[in-house]
Amino acid sequence: MAQISVPFLDLKQINAPYMDELREAAADVVESGWYIRGNFCEQFEKAFAAYCGVKFGVGVGNGLDALSLMLKSEIELGRLRAGDEILVPANTYIATVLAVSAAGLVPVLVEPDEKSFNIDPNRLVSACTERTRGILVVHLYGRLASMKSICDFAKSRGLLVFEDCAQAHGARCAFGGNADAVAGSFGAAAAYSFYPTKNLGALGDAGMVVTNDAELARVVRALANYGSERKYVNLYRGVNSRLDEMQAALLLKKLPHLDAWNARRREIAARYLNEIRNPLIGLPGAPANPLEHVWHVFTVRLQSENARDALQKYLEGRGVGTLVFYPIPPHLQKAYGTELGNPGDFPIAENLAKTVISIPMNQVLTDEQVTQVVEALNEFSC
């Protein structure tokens, strides 16, 4: 096997330029003597909420917990009820669907738009029933979904809008009179993951719920702390999911660099879009406003599963790492049986799962590495 000279992702290389800052943050936490829900967590919650343009941030253990606690809080507040249906994209990572189920709600899948890969607003109406109460939007691969269309539709039906922002840290657009609205500020609440591979990644698991709703933030915070606001007094049947001080301190050091990292990702994406000219490689659609996409991953599409697999093998031989997001859509996962659907029910999502592949995309790629990826893709044939 050829040595990978353009790895799909190298977290050690990504963190290397900031080792002094990260060491300082880690030492500060150790020396503080306070390791859970302390000063660093509070600072990061405020800083990240402000970055997203919302009033409140509640740090939790990971992105999946952020999603499920966000939804469970709405149930505790009486805005949702067990058994209510939530629309979710059919091509999302299963975590989005798992969170809906964990909250006692019913996930209903909606096909994506084939160019943006995001949930298709034109399909929402046919997916709604009398039990539909919300839409959980996923900004897949780092591109904002069509939030104006989705929010307008939701308002017309009295539905709540939630965001899964696990891949969209820093994506922004004009919305509702705000010329610079950031992912996480469009709906009732949003969930973020800071898994190490994200555009803003911790050095372990970490997540956050962001919202302008003080009551929702209060309930999320309590649910994540065994259902307690005051020690040994439990208001809810909660869980243990808290953003620890170490991860919060590390993320505080990284946050000021996020916009520059995203800008570099956009530069690389522009090169891919302009320089990859192989007719066998289907390039992703790019928004008119470049800021709407932070290119968490750069995903291309082939004509068939065989062609996709051939490209992956070929790129491996050329020293280029790849990854497939996601080879099995949620409704075909054994975990759900036929609960979400059967083979053939979501042909767009099923075809995407067989034909997409992601190529290297991160802020530490050199121009030479990008050139190598481009040349390899342009020379591919099958």
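A brief look at the structure comes next. Here the structure is a predicted model, which means the values were calculated and not measured. (Residues numbered from 1 in each chain as written. Predicted model: local features only at pLDDT ≥ 70, side-chain atom pairs only at ≥ 80, totals over all residues. Heavy atoms only, no water.)

1. What to know about the environment of Ala90
Summarising the element assignment, Ala90 is placed in the loop between strand S2 (85–89) and helix H5 (94–102). Considered as a pair, Ala90 and Tyr226 are 136 residues apart in the sequence and their alpha carbons are 32 Å apart. Residue contacts for Ala90: discarding those within four places in its chain leaves Leu109, Val110, Glu111, Pro329, Pro330, Phe346 and Ala349. (Helix = DSSP H or I, 4+ residues; strand = E, 2+ residues; numbered from the N terminus. Contact = heavy atoms within 4.5 Å.)

2. A closer look at the pairing of strand S4 (residues 132–138)
Counting buried positions along S4 gives six out of seven residues, so the element sits mostly inside the fold. Looking at chain direction, S2 and S4 are connected through three bridges and run parallel. Paired with Ile86 across the strands is Gly134, a residue of S4. Pairing of S4 with strand S5 (residues 160–164) involves five bridges; the strand directions are parallel. Across the sheet, the residue bridging to Ile135 is Val161, located in S5. Read as a crossover between parallel neighbours, the route from S4 over helix H7 (residues 147–157) to S5 is right-handed. (Buried < 20%, exposed > 50% of the residue type's maximum accessible area, 1.4 Å probe, protein only. Pairing = 2+ DSSP bridges. Right-handed = clockwise from strand over helix to strand, strands pointing away.)

3. What about the packing of aromatic side chains?
Applying the stated criterion across every chain, the model contains 15 aromatic pairs. Ring centres of Tyr314 and Phe380 lie 5.4 Å apart, and the angle between their planes is 50°; on these two criteria the pair is classed as tilted. Separated by 66 residues along the polypeptide, Tyr314 in helix H11 (residues 305–317) and Phe380 in the segment after helix H13 (367–378) bring together distant segments of the chain. With centroids separated by 5.5 Å and ring planes inclined at 85°, the aromatic side chains of Phe325 and Tyr326 adopt a geometry described as edge-to-face. (Phe/Tyr/Trp six-rings, centres within 6.5 Å; stacked < 30°, edge-to-face > 60°.)

4. With respect to unusual backbone geometry
Here the amide bond leading from Phe325 into Tyr326 is cis, since omega sits at -5°, within 30 degrees of zero. As for its position among the elements, Tyr326 is in the loop between H11 and helix H12 (347–355). In this model, Tyr141 sits at a positive phi of 65°, which is unusual for a non-glycine residue. Looking at the secondary structure, you find Tyr141 in the loop between S4 and H7. For Tyr141, a relative accessible area of 5% gives the class buried. In this model, Tyr232 sits at a positive phi of 70°, which is unusual for a non-glycine residue. In this fold, Tyr232 is placed in the loop between strand S10 (228–230) and strand S11 (233–234). With a relative accessible area of 73%, Tyr232 lands in the exposed category.

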